[in-house]
Amino acid sequence: MILVAAFVLSCFCCNAQDEKLPVLWSELTGPDFAKAVEKSGGVCIIPMGVLEKHGPHLPLATDCIVADYIAKMAAEMEYAIVFPTFYVGQINEAKHQPGTVAYSTELCLKMLEETCAEVARNGCKKIILFSQHGGNNALVNLFCQSQLNSERDYIVYETLFGSKPEVKAQIEKMLKTDGGEHAGEEETSEVMAARPDLVKLERAATQSGEALNRLPLQKMRPSIFWYANYPNHFAGEPSAANTELGEYVILEDAKFLAEKINRVKRDSVGLQLQNEFFEKAKHPKDTEQ
Ligand SMILES: [Zn+2]
């Protein structure tokens with residue numbers, strides 16, 4: 001009887017593995033969601049961006065659009081559930097520009113905390129934060145460190161944007177400029193690949209994306225640093241942006257993320273160690289010295 005039950009269970013697993021399921025959380029039905037959790041090994045990606053000006057030529061949701069696009073492509077390579085784009089992020093430095101939505105740091109952390117808790121309550125115990133917004137780096141980092149604040153039955157992995165070294169080298173070969181930090185040649189190319197209908201490249205030259213270097217400080221960054229350098233919230237020179245470059249960056253970054261999903265799926269140690277840590281943290285004087 002036990003053998004039969006085991007056989008039925010394993011067949012169910014196989015079926016769930018083979019079944020073609022949408023990767024987007026928002027597109028799954030309730031019954032399919034349960035199968036998707038099993039098929040994904042409980043891995044959910046939260047693509048993160050923000051709403052902020054991207055020069056005079058790219059949409060406000062640029063980081064969200066690119067994060068979403070890469071996450072979806074990666075999850076189709078290595079199955080995972082993709083949560084709706086998380087647009088709550090750190091973007092105080094663009095509050096002087098139209099269309100920016102800058103929530104308080106407290107709310108950003110709280111939203112992340114409750115979102116991860118809800119994702120986990122639904123069965124995804126391995127959560128990957130995939131941020132495409134540079135201004136989120138410190139926030140995501142702090143959030144991940146804060147995971148040890150209190151006991152939980154899930155684990156959060158951070159993965160910030162960035163390509164593999166060999167891909168970076170190839171991108172540098174393809175670029176006509178240094179790529180730009182914000183709405184420059186590289187990022188504009190990515191939007192051209194993901195959502196060409198939203199790129200107004202002909203408007204790019206109406207504002208400058210050059211660094212003004214108005215602060216006489218070296219390697220010191222007061223919070224006004226970004227505004228001091230780039231008051232137009234635009235850093236780079238995108239006129240040479242092209243779809244070929246964008247498609248290359250997106251495909252390689254999706255492959256890189258798919259590898260990370262695979263590693264997270266195979267990680268059987270992280271959550272176990274986290275549980276052990278929480279248990280020991282309840283009575284530190286018993287920890288062997
Ligand atoms: Zn951006």
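Residues numbered from 1 in each chain as written. Predicted model: local features only at pLDDT ≥ 70, side-chain atom pairs only at ≥ 80, totals over all residues. Heavy atoms only, no water.

J.: Now, about the overall build of the chain: what can you tell me, with residues and values included?
T.: Within the chain, the secondary structure is distributed over 10 helices and four strands. The order of helices and strands in the chain, counted from the N terminus, is α-α-β-α-β-α-β-α-β-α-α-α-α-α. If you line up the chain on its principal axes, its C-alpha atoms span 75 × 50 × 35 Å. Across the chain, the fraction of contacts at a sequence separation of at least 24, relative to all contacts at a separation of at least 6, is 76%. Across the chain, the 29 positively charged side chains and the 40 negatively charged ones have centroids separated by 2 Å. (Helix = DSSP H or I, 4+ residues; strand = E, 2+ residues; numbered from the N terminus. Contact = heavy atoms within 4.5 Å. Lys, Arg positive; Asp, Glu negative; His and termini not counted. Charge placed at Lys NZ, Arg CZ, Asp CG, Glu CD.)

J.: Outline the sheet that holds strand β4 (residues 155–160), listing residues and values.
T.: The parallel open sheet is built from four strands, whose spatial order is β2-β1-β3-β4. At either margin of the open sheet sits one strand with a lone partner, and together these are β2 (81–82) and β4. Bridge count between strand β3 (residues 126–131) and β4: six bridges; the pairing is parallel. When the bridges of β4 are listed, S131 appears paired with L160. Sheet contacts for helix α5 (residues 137–145): β1 (43–48), β3 and β4; angle to β4, the most-contacted strand, approximately 160°. (Pairing = 2+ DSSP bridges. Axes fitted to C-alpha atoms, helices over the stretch in contact; angles between N-to-C directions.)

J.: How would you explain the coordination of the zinc ion if you had to name every residue and give the values?
T.: Four donors placed tetrahedrally around a metal ideally meet at 109.5 degrees, and six donors placed octahedrally ideally meet at 90 or 180 degrees. Only H54 (NE2), D63 (OD) and E187 (OE) from the protein reach the zinc ion as donors, at distances of 1.9 to 2.1 Å. On the accessibility criterion, E187 (16% relative accessible area) is buried. (Donors = N, O, S within 2.8 Å, 3.2 Å for Na, K, Ca; no water. Buried < 20%, exposed > 50% of the residue type's maximum accessible area, 1.4 Å probe, protein only.)

J.: Run through the environment of F86, naming residues and quoting values.
T.: When you line up the elements, F86 lands in the loop between β2 and α4 (105–121). On the basis of relative accessible area, F86 is assigned to the buried category, the value being 5%. Separated by 20 residues in sequence, F86 and V66 have C-alpha atoms that sit 12 Å apart. In this view, F86 contacts I46, P47, M48, G49, M111, L112 and T115; residues no more than four positions away in its chain are not counted.

Note that every value here comes from positions in space, so none of it alone points to a role or purpose.
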